[in-house]
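The residues making up each chain are set out below.
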Amino acid sequence: MNEDAYLRRMSLVCGVLMPFSAVERAEAVSQDVQLCVFASQSAAFLTVHALKEDGHGEAFRTLPALLNALLALSIALQTYIHSKDPTVFVGSKKKVIKLHGRQLARSQWSYLSKNVDNAIYRIVIGYYEHLHGFKLPPEHAAHLQNFLE
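Criteria and thresholds
All chains use their own residue numbering, which begins from 1 and follows the written sequence. Reporting of local features is limited, given that this is a predicted model, to residues whose pLDDT is at least 70; pairs of side-chain atoms are given and counted only at 80 or more, and all residues count toward the totals for whole chains, interfaces and linings. The side-chain quantities take in all heavy atoms of the structure and omit both hydrogens and water. A run of DSSP states H or I qualifies as a helix once it reaches four residues; a run of E qualifies as a strand once it reaches two. Both are numbered from the N-terminal end. We call two residues contacting when some pair of their heavy atoms lies within 4.5 Å. In protein, a polar contact requires one atom able to donate a hydrogen and another able to accept it; more generally it is a pair of N or O atoms within 3.5 Å, and residues adjacent in sequence count only if both atoms are side-chain atoms. Note on aromatic contacts: the rings of Phe and Tyr and the six-membered ring of Trp form a pair at centre separations within 6.5 Å, being stacked when their planes are under 30 degrees apart, edge-to-face when over 60 apart, and tilted otherwise. Any residue under 20% of the maximum accessible area for its type is buried, any over 50% is exposed, and the rest in between are partly exposed; the area is computed with a 1.4 Å probe on protein chains only.

Turning our eyes to something else, we now look at the environment of Asn-68. If you trace the backbone, Asn-68 turns up in helix H4 (residues 58–81). Separated by 69 residues in the primary sequence, Asn-68 and Pro-137 have C-alpha atoms spaced 8.2 Å apart. Not counting the four nearest positions on each side in its chain, Asn-68 is found in contact with Leu-136, Pro-137 and His-140. Within the structure, the side chain of Asn-68 is placed 2.9 Å from the side chain of His-140, a separation counted as a polar contact.

Printed below as a string of structure tokens:
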């Protein structure tokens, strides 16, 4: 794995989304989908459990950053899944194939998207009364509204 791909992947796992396109962000996580699922679910579980157990309020202070990262990843994945672009990246060598019709080549991104959304729902349920006090970018706030309804 080259350094650029590693940095992209780690930036997504660590919650710092670099300014790449939706296709590039989706491609960066495509090889380690299960790792990203575990990371998003673990972060959501820990954050929700910390609501009662964190006496210093660290989880509450870092929640907006985590929520921003999960919302940005959810938006990027949904944008890519619903895009008309038939390009799919395969493997670590970035082999590009063109799809014809609606093939299941994007199923790993759908799986990841559903699990990221599940993590967001878990946080929304745990922190529902606190969410309105967070400052989020307009695009993220609009996407979060879908989880609140």
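With that out of the way, let us pick up the packing of aromatic side chains. Applying the stated criterion to the full structure yields 3 aromatic pairs. Ring geometry for Tyr-121 against Phe-147: centres 4.7 Å apart, planes inclined by 70 degrees, an arrangement best described as edge-to-face. Remark: Phe-147 occurs in helix H6 (residues 138–148) and Tyr-121 occurs in helix H5 (residues 107–126); sequence separation between them is 26 residues. Given the relative accessible area of 8%, Phe-147 is considered buried.

Here the focus is the side chain of Ser-74. One can find Ser-74 in helix H4. Note on Ser-74: relative accessible area 0%, which makes it buried. Residues within four places of Ser-74 in sequence aside, it is in contact with Val-116, Asp-117, Ile-120, His-143 and Phe-147.

Any link to function would need more than the numbers given here.
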